[in-house]
Amino acid sequence: MTLTLDDFDYALPDTLIAQAPLAERSASRLLVVGGSTLSDRGITDLPELLGENDLLVFNDTRVIHARLFGQKGTGGQVEVLIERPVGEHEAIAQVRASKSPKAGSTLRLADTFDVEVLGRVGDFFHLRFPADATVIDYTERYGALPLPPYIARAAGEADEARYQTVFARHPGSVAAPTAGLHFDEPLLARIRARGVRTAAVTLHVGAGTYQPVRVQNLAEHQMHREQYIVPAETVAAIEATRARGGRVVAVGTTSLRALESAAQSGMLAAGSGETELFIMPGYRFHVVDALITNFHLPKSTLLMLVSALAGMDSIRAAYAHAVAQQYRFFSYGDAMFLTRRPS
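The following refers to the structure shown. (Residues numbered from 1 in each chain as written. Predicted model: local features only at pLDDT ≥ 70, side-chain atom pairs only at ≥ 80, totals over all residues. Heavy atoms only, no water.)

### Let's talk about the layout of surface pockets
Its boundaries defined by the atoms lining it, the largest pocket holds a volume of some 560 Å³. Around the largest pocket, the lining is made up of 28 residues, and of these Phe124, Gln211, Gln222, Met223 and His224 lie nearest the centre. The space that makes up the second largest pocket amounts to roughly 430 Å³. If you trace the second largest pocket, you find 23 residues lining it, with Arg67, Leu81, Arg96, Leu147 and Pro149 closest to the centre. Put simply, the parts of the chain that give the lining of the second largest pocket at least two residues each are strand 5 (67-72), strand 6 (77-86) and strand 7 (90-97). Take the lining of the second largest pocket: its biggest share by element is three residues, from strand 6. In terms of residue class, the lining of the second largest pocket is built from 16 nonpolar, two polar and five charged. (1 Å grid on protein atoms, 1.4 Å probe; cavity = no way out; pocket = protein on both sides within 12 Å on 5 of 7 lines; lining within 4 Å. Points joined across faces, edges and corners; volume = space filled by probe spheres on them. Helix = DSSP H or I, 4+ residues; strand = E, 2+ residues; numbered from the N terminus. Nonpolar A, V, L, I, M, F, W, Y, C, P; charged D, E, K, R; others polar.)

Dropping the structure here:
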């Protein structure tokens, strides 16, 4: 069967799109999906769903202040959203302006420094920042936190903490690995007290994660590129988990994509690189056995990913249930626990 974009659509009332985090990180609901069985739980029930031989793998990326405002040389207003740094002094970025800037022009950002437009990269622009500091240095000093486009407000002081995970370490993302936002230190302590091990990967989430799929024939879709690192100690932890008979549980689709990207040879290997891995139904998983994830946008590549893991029928039933039960959707919303269906 040939899958099309419409196979991954669903109706979602705007009122279910979470606009702010709950008062406590671990107060979110958790929909447990096991084949045709659905169970309404809470994130605080997660320790009971994990076995002592299991391994949780987190994404320890940190969100940068990737949104910058300024003017073109002609005086027109521009908004720059860094998609990903390229080396220390260049970046791929979205640029919003009444008229697209041309290669060779400059943008004055934060009324303080100039960036040069080197050219286009698909829908994005290639920018060169001044050489006296890194791109991330400039974003952290002059930029704003980039909340997702479906959150209809500017980032506030509370978002500075709540749109980061408690285990965020390595700056480079322009969107949070949102499944990790549910974890606080008390919950992590309860999970570890059960004997569950934890490990980390790094995948810097790009602004391309919000880019819509524009083709009906999914084989024609080109994924955005994201940087990832899978440390040797995480590979060793996964090997030890396999030896114990435990499960590898990815916290978030970004952790899953990093692990699966590092195993495209058929065997998981430590290292770093850039991934354009597009996971859709029919994909053969190499590493991940289960996934904790938020609810994803209609017609998105992430909805295709979870459908590949748990099965399209299971995901359709789960999303219909979540809408009927008024779960909170997207970045600041509730979560699901998915088990990989037998291949």
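That covers the picture; the talk isn't over yet.
### Concerning helix 8 (residues 312-324)
With 13 residues, helix 8 should cover 18 Å at 1.5 Å per step; its first-to-last C-alpha distance of 18 Å lies within 8% of that length. Within helix 8, burial applies to Met312, Ser314, Ile315, Ala318, Tyr319, His321 and Ala322. Tucked into the core, helix 8 has its buried residues touching strand 1 (29-34), strand 2 (37-42), strand 16 (290-294), helix 7 (301-310) and strand 17 (335-339). Positioned one or two residues after helix 8, Gln326 has a phi angle of 55 degrees, which is positive. (Expected span 1.5 Å × (residues − 1). Buried < 20%, exposed > 50% of the residue type's maximum accessible area, 1.4 Å probe, protein only. Contact = heavy atoms within 4.5 Å.)

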